[in-house]
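# Structural overview
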Amino acid sequence: MHISEVRIRAVSIPRIYDTRVAEAGGHTQAKTQSFYYVLELISDTGPVGLGEISDIESSWNTPTPDTLCECLSSLKGMDPLNRHETWRAATLALPQNLHPELRSLLSAAIDTALLDLVGQHYNVPLHVLFGGAHRARIEVSWVAFIRAVEEIEGEISSKVAEGFTAFKLKVGDEPHLDRERVRICRRIAGPEAYIKVDASGQWEEEEAVEQISALAAVGANAVETPLRAAARALAKDAPETVNERAESVAEALARVRRRVPIELIEHVSDFEERFALALIARRAVDVFNVVPVQAGRLQRAQRLLNLAESGGLRALIGSTVELGIGTAAATHLAAACACVSVASDLVGPGLLKGDVVAPTLSYDRGYIKPPRGPGLGVQLDEERMQAYAV
């Protein structure tokens with residue numbers, strides 16, 4: 001089997017409501033829709049490998065699909081079964097001046113498409129290539145963005161009725177409203193529900209201790225990315241600023257962890273392994289958030305999950321609101337990694353008004369399953385691709 005054609009197409013899909021995060025999250029304006037590139041590696045034997053460049057930001061100066069296809073033209077004639085060499089050749093051909101987040105997403109898209117081809121060639125689902133399944137389904141935490149209190153009340157009520165028992169609330173806006181949103185979520189979801197809050201890196205150290213303690217008092221079980229030193233805006237635009245001071249950022253998180261009554265969760269995919277190792281060494285957090293598309297490669301995402309397990313931590317699979325392609329890849333990875341025991345944030349199928357794959361992924365009482373079939377287990381739906389084409 002060899003790659004005979006590389007194709008990239010752009011699609012844009014509305015979100016079910018305008019989503020907003022704290023200022024430190026990297027985009028101050030509410031998002032009304034998400035913009036994607038869909039990658040197809042077409043083989044000479046018939047199978048097509050799929051990848052996606054997820055949730056592209058307008059500020060990234062993203063090259064056009066035609067430009068990227070030209071960059072990846074060296075893939076033609078290469079053997080996807082020789083996946084590592086093929087992936088390295090493809091990533092080396094990418095433009096040097098890409099935005100760091102965009103480079104990771106492109107790299108992950110190529111890797112996913114190659115894995116999809118390998119799985120189809122051997123007629124096995126992706127999780128088999130990751131070592132086999134530890135679980136048949138993955139618990140999902142519904143992510144509620146910063147909204148008016150009455151809108152949060154309706155959103156959580158709806159999701160509880162659908163069977164969700166885990167939630168992530170975006171916070172870092174106004175402290176009294178953050179507390180009220182958590183209080184409402186706890187009242188509606190009940191005492192057994194798992195509620196984490198995501199500050200996106202909005203707080204300095206002392207403020208974080210104060211806010212986390214207050215949110216814990218009204219029902220939060222965990223807090224994600226509390227400190228500005230590892231803010232999501234830095235992770236997206238300037239990850240080297242965290243890489244260069246990984247140990248000091250880990251020390252700051254460790255100090256916060258010792259002073260608050262609930263668990264800490266931190267993103268590790270955007271940063272070098274030294275940051276994950278520093279968090280483990282200093283017992284700075286309880287849970288790793290690993291976003292596969294931001295790790296640059298599914299293999300690297302699995303390595304970060306293995307680090308968590310080796311360090312005695314638990315993990316969850318994070319999301320940047322992927323299409324069915326990226327979500328399918330994430331479900332296969334989550335199924336194959338034992339330490340993914342915290343409800344994951346795979347909300348793309350619910351937060352987007354549509355998708356471009358068949359079968360579409362859906363939730364069953366707050367859980368999602370890896371698609372059946374070889375490789376990713378999904379194919380492009382051309383009618384939907386045309387409907388959402390840019």
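Bringing helix α5 (residues 149–162) into the picture now. Residues separated by three or four positions in an α-helix point in the same direction, a consequence of the helix having 3.6 residues per turn. Across its 14 residues, α5 extends 20 Å between first and last C-alpha, which sits within 8% of the 20 Å expected from 1.5 Å per residue. Burial in α5 covers these residues: V149, I152, E155, I156 and K159. Summarising the axial view, the buried residues of α5 lie within an arc of 120°, below the 170-degree limit, and thus occupy one face. Exposed and oriented more than 90 degrees from the buried face of α5 are E150 and A161. Considering only its buried residues, α5 is in contact with β1 (3–19), β5 (142–144), β6 (166–170) and α6 (175–189). Backbone geometry just after α5 places G163 at a positive phi near 110°.

The next point concerns the pattern of salt bridges. Throughout the structure, instances matching the rule amount to 33 salt bridges. R187 is the salt-bridge partner of E153, the closest N and O atoms lying 3.0 Å from each other. Of this pair, E153 sits in helix α5 while R187 sits in helix α6, and the two are 34 residues apart along the sequence. Among the residues examined, R187 registers a relative accessible area of 54% and is labelled exposed. Residues R384 and D381 are paired through a salt bridge, measuring 3.6 Å at the closest nitrogen-oxygen approach. Its relative accessible area of 30% is what places R384 among the partly exposed residues. Shared partners join several salt bridges into a network, and the residues in it are K168, K170, K196, D198, E224 and D345.

The rules behind each value
Here the residue numbering is sequential within each chain, running from 1 through the sequence in written order. The predicted origin of the model limits local features to residues at a pLDDT of at least 70 and limits the giving and counting of side-chain atom pairs to 80 or more, whereas totals for whole chains, interfaces and linings rest on all residues. Only hydrogens and water are removed before side-chain values are computed, so all heavy atoms of the structure are retained for them. Comment: elements are numbered from the N terminus, with helices defined as DSSP H or I runs of at least four residues and strands as E runs of at least two. Working rule for helices: expected span equals 1.5 Å times residues minus one. The buried label goes to any residue with under 20% of its type's maximum accessible area, the exposed label to any with over 50%, and the partly exposed label to all in between, with areas taken from a 1.4 Å probe on protein chains only. The arc in question is formed by the directions pointing from the helix axis toward the C-beta atoms. Whether two residues are in contact is decided by their heavy atoms: any pair within 4.5 Å suffices. Here a salt bridge means any side-chain nitrogen of Lys or Arg lying within 4 Å of a carboxyl oxygen belonging to Asp or Glu.

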